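Understanding the architecture of this molecule
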Amino acid sequence: MTGKAIDKLSSAEAEKELDRLAREIAEHDRRYHAEDAPSISDAEYDALRRRNAAIEERFPLLVRPDSPSHRIGAKASEKFAKVVHARPMLSLDNAFSDEDVAEFLGRVRRFLGLKEGEEIVIMAEPKIDGLSASLRYEKGVLVQGATRGDGQEGEDITANLRTISDIPLRLQGKPPAVLEVRGEVYMTHKAFEALNKRQEKDGKPTYANPRNSAAGSVRQLDPSITAGRTLNFFAYAWGEISEMPAKTQSGMLEKFREYGLAVNPLVKRCETLDEVLKFYRDIETRRARLGYDIDGVVYKVDRLDLQERLGFVSRSPRWATAHKFPAEQAETVLEDIEIQVGRTGKLAPVARLKPVTVGGVVVRNATLHNEDEIARLDARIGDTVVIQRAGDVIPQIVRVIPDKRPRGAKPYKFPDTCPICDSHAVREVDEKTGKVDVDRRCTGGLICDAQTVERLKYFVARDGFDIEGLGGTMIELFHDKGLLKEPADIFALTEKPEKVSKALAEHRAALSEERRAAEGKDPVKAKAKKEDREDKVVENLMAAIERRRTIGLDRLINALGIRHVGETTARLIARHYRTIDAFLDGMKAENAREELESLEGIGGIVAEAICDFFGEKHNVKALDRLLAWLDVTPMAAPAKSSPVSGKTVVFTGTLEKMTRQEAKARAESLGAKVSGSVSAKTDIVVAGPGAGSKLKDAQKHSVQVLDEDAWLKLIGG
Ligand code: IVH
């Protein structure tokens, strides 16, 4: 349970809870940092910190000297030097079923325009459950080793990696002059058990699983500790490389072996979907006897030239996917169902569970998705349920165990009014398809305080405006005091520091009143000091808001909270339009929707949601009011300069050497904007056989027209 609602806490309760949270968070920090043995998920840890910060925001006078807010988060380790990866370390898309795998292969085939009967060779490899590392060899000598970090920047753990016997300090044979080998550091079950035994004997805490202990071991500041722990390494990919020694993934792994690197012995080239799935099942049955943890199987298109053509979507390659083993499950009791109202008005049911450990992590909450899901499960409060979690996804309820249902448990009735503003909550019907939406949404819109507040919270959140000190509780407070209704109001706060002060003071007075009543104490003595501190709070807040008046276009778009538009989509849009003016012009244009849809990664639903947003006058006006405060920095052009970067390109007619999707992705990766229609702003039209009206439009606007070969020549193959 998350505890009492913060706005219902008395100051005595808040004080007690801050004390409890400080101790609990310190303990989790210690487990994470010192032992790499967290007992809760990142999300749960974040929730604790958020609750602590929220209580502190409401009770600024109760902030403890040892408050967790004064310390950096558990994730940001400052222990090691940072290493910027020469090529980013990417992640993989997931497949959970045979159908997903078939769909992956289908996608690859369609992208490449393969004909029936043209087989595609797949390299299948066990997915090692450890931590990925990058090893940089120059002239065959190990010069640097780093963790993955956020994919762009990791930690320098060279000294520790040098102690792993699977990692050669000098490569054999004739490796390329520069070779960044990527792979997984892991701990075998045997080594893990021995280590835990030793820890226990020495009175030290034990690790939850081999992955945590491998992570903990390579992140020791003292390499002699790492050396005392048996770790292993499998190589499976590469980053920067001066020349390619092979043309396939399988060939590369073969070369790695020649260089003296450890490559997993079970990897297999597969020629058909059946073979791929057979490999998966084979590995699944051998899993328990392997002696190390794996959490699935990775499939990679074997030919590197095809990998190159397939490229990436967002942060994972189109040419690979991870087929995960089924999630781990556990039984627990559904204690309550809570309805949360999001910024789009969606009524989201959250299951509150009796805490239970699943796969080494304590789970307290699970998503119930929507009302149909609750009905499908027939989940009732008091029921014993089976829950599962896979990787980092939010835990889910799989089924109810009817035999364990308490007598008298009633079917759950989903509310048809908003628990916050009492407006009707309805399920919209799609006009075109006649389909009823799965989500029930509050119709309160702008009058629903939950939506207004959630939108504002989203606006100031980390991926948006990221305004330091302006957290959820402050937003709620200022909203309650009538100071905030829309994003522009946040910047208007800088012109009324006295009102902000007053709001905080009133808030404080109400709290001390409450406290005095609760404790019978006289708080007058400490008053001067408290006021000083409050002035500082206001001053810092004003400065933090002021700093965010300059904002990148991508962050701005994300912060608007348009339905279906998150960080990735916002970045795609920002990259395409580059400047706020171009974006706003684009949204006013008649072909707005078409242009959005022509962007790789943006589909019809997203384009429609964006157009709907700009179709609402009040949104446009609110945005105008916001922009009056802002200096929006344009999106930088992609680092790689190419003959087509910044150019607007239209493809028309049939392409013969690649599919339309591939052509578009390629052009975009070279910094071109790909559009669906020809106008005076178009720079190049690539026309294949059968081109029609677009070719005529090109002639009308005197736009350069190229055939496919000329285009390929221009972009260098
Ligand atoms: S390939 C561009 N191959 O899985 C693709 N990854 O979920 C780079 N992993 O971060 C990864 N075994 O830590 C690849 N045989 C394997 C792997 C593997 C484990 C991990 C790796 C990666 C994560 C992606």
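Let me begin by describing the structure that accompanies this report.

Observations regarding empty space enclosed by the protein
Inspection of the entire model under this criterion finds one cavity of 30 Å³ or more. The volume enclosed by the largest cavity comes to roughly 60 Å³. Lining the largest cavity are Glu125, Pro126, Ile128, Phe234, Ala235, Tyr236, Leu253, Val263, Asn264 and Val267. Class assignment for the residues of the lining of the largest cavity results in eight nonpolar, one polar and one charged.

Re the side chain of aspartate 295
Position of aspartate 295 relative to the elements: it lies in strand 10 (residues 294-301). For aspartate 295, a relative accessible area of 18% gives the class buried. Once residues within four sequence positions are removed from consideration, aspartate 295 is found in contact with Lys127, Ile128, Asp129, Arg287, Lys324 and Phe325.

What to know about the environment of leucine 477
The topology assignment puts leucine 477 in helix 13 (residues 472-480). The spatial distance from the C-alpha of leucine 477 to the C-alpha of arginine 58 is 8.1 Å, given a sequence separation of 419 residues. In this structure, leucine 477 is in contact with Ala503, Leu504 and His507, ignoring residues within four places of it in sequence.

Brief notes about the layout of surface pockets
Estimates place the volume of the second largest pocket at around 1800 Å³. Together, 46 residues line the second largest pocket, and Thr344, Arg563, Ala609, Asp612 and Phe613 are the ones closest to its centre. Counting only elements with at least two residues in the lining of the second largest pocket, the list comes to strand 19 (425-429), strand 20 (436-442), helix 12 (449-460), helix 21 (604-615) and helix 22 (617-627). The residue inventory of the lining of the second largest pocket, partitioned by class, reads 19 nonpolar, ten polar and 17 charged.

Looking at the nonpolar core
Counting 57 residues, the largest nonpolar core has Phe478, Ile490, Leu556 and Leu630 as its most contacted members. Residues Leu135, Leu142, Ile157 and Leu195 belong to the second largest nonpolar core, which totals 37 residues.

Some points on the site of the ligand
Every one of the 13 residues lining the ligand counts as a neighbour, but Glu125, Ile128, Glu184, Tyr236 and Lys300 are closest to it. A distance of 3.1 Å is found between a nitrogen atom of the ligand and a backbone nitrogen or oxygen belonging to isoleucine 128. Separating a nitrogen atom of the ligand from a side-chain N or O atom of lysine 300 is a distance of 2.9 Å. In isolation the ligand offers 520 Å² of accessible surface; the protein chains occlude 87% of this area.

Regarding the pairing of strand 20
Two elements, strand 19 and strand 20, share four bridges in a ladder whose sense is antiparallel. Looking at the pairing, valine 429 lines up with valine 436 of strand 20. Between strand 19 and strand 20, which pair antiparallel in sequence order, lie six residues; one of them, glycine 434, sits at a positive phi of approximately 75 degrees.

Thoughts on the packing of helix 12 against helix 13
The interhelical angle for the contact between helix 12 and helix 13, taken along N-to-C directions, is 135 degrees, at an axis separation of 10 Å. Comparing their axes, helix 13 and helix 12 come out oblique. Note on packing geometry: the crossing formed by helix 12 with helix 13 is right-handed. Contacts between helix 12 and helix 13 involve Asp449, Thr452, Val453, Leu456, Lys457 and Val460 from the former and Gly472, Ile475, Glu476 and His479 from the latter. Of the residues that constitute the contact of helix 12 with helix 13, the class distribution is four nonpolar, three polar and three charged.

Things to note about the packing of aromatic side chains
The full count for this structure, using the stated rule, is 14 aromatic pairs. Ring geometry for tyrosine 186 versus tyrosine 292: centroids 5.2 Å apart, planes at 55 degrees, classification tilted. Of this pair, tyrosine 186 sits in strand 7 (residues 178-186) while tyrosine 292 sits in the loop between helix 9 (273-286) and strand 10, and the two are 106 residues apart along the sequence. Summarising the burial analysis for this pair, tyrosine 186 and tyrosine 292 share the class buried. Considering the side-chain rings of phenylalanine 312 and tryptophan 319, the 6.4 Å spacing of their centres and the 75 degrees angle between planes classify their relative orientation as edge-to-face. With a relative accessible area of 40%, phenylalanine 312 lands in the partly exposed category. The buried category is assigned to tryptophan 319, whose relative accessible area is 16%. Grouping aromatic residues by their ring pairs yields a cluster made of Phe459, Phe465, Phe491 and Trp629. The ring of tyrosine 458 carries the charged tip of arginine 343 above its face, separated from the ring centre by 3.7 Å.

Details of unusual backbone geometry
The backbone of histidine 564 sits at a positive phi, close to 70 degrees, despite the residue not being glycine. One can find histidine 564 in the loop between helix 17 (553-559) and helix 18 (567-577). For histidine 564, a relative accessible area of 46% gives the class partly exposed.

Considering helix 5 (residues 189-201)
Between its first and last C-alpha, helix 5 extends 18 Å over 13 residues, near the 18 Å set by a 1.5 Å rise per residue. All of the buried residues in helix 5 are Ala191, Phe192, Leu195, Asn196 and Gln199. In an axial view of helix 5, the angular spread of the buried residues amounts to 130 degrees, which keeps them on one side of the axis. Away from its buried face, by an angle of more than 90 degrees, helix 5 presents the exposed residues Lys190, Glu193, Lys197, Glu200 and Lys201. The elements touched by buried residues of helix 5 are helix 6 (210-218). Of the residues flanking the end of helix 5, it is glycine 203, one or two places downstream, whose phi is positive at about 70 degrees.

The rules behind these values
- Residues numbered from 1 in each chain as written.
- Predicted model: local features only at pLDDT ≥ 70, side-chain atom pairs only at ≥ 80, totals over all residues.
- Heavy atoms only, no water.
- 1 Å grid on protein atoms, 1.4 Å probe; cavity = no way out; pocket = protein on both sides within 12 Å on 5 of 7 lines; lining within 4 Å.
- Points joined across faces, edges and corners; volume = space filled by probe spheres on them.
- Nonpolar A, V, L, I, M, F, W, Y, C, P; charged D, E, K, R; others polar.
- Helix = DSSP H or I, 4+ residues; strand = E, 2+ residues; numbered from the N terminus.
- Buried < 20%, exposed > 50% of the residue type's maximum accessible area, 1.4 Å probe, protein only.
- Contact = heavy atoms within 4.5 Å.
- Core = buried A, V, L, I, M, F, W, Y, C linked by side-chain atoms within 4.5 Å.
- Near = heavy atom within 4 Å.
- Polar contact = N/O pair within 3.5 Å; in protein donor to acceptor, adjacent residues only side chain to side chain.
- Areas by Shrake-Rupley, 256 points an atom, 1.4 Å probe, with all protein chains shown as cover.
- Pairing = 2+ DSSP bridges.
- Axes fitted to C-alpha atoms, helices over the stretch in contact; angles between N-to-C directions.
- Parallel < 35°, antiparallel > 145°, perpendicular 65-115°, else oblique.
- Left-handed = near helix turned anticlockwise from the far one by under 90°.
- Phe/Tyr/Trp six-rings, centres within 6.5 Å; stacked < 30°, edge-to-face > 60°.
- Lys NZ or Arg CZ within 6 Å of the ring centre and 35° of its normal.
- Expected span 1.5 Å × (residues − 1).
- Arc of directions from axis to C-beta.

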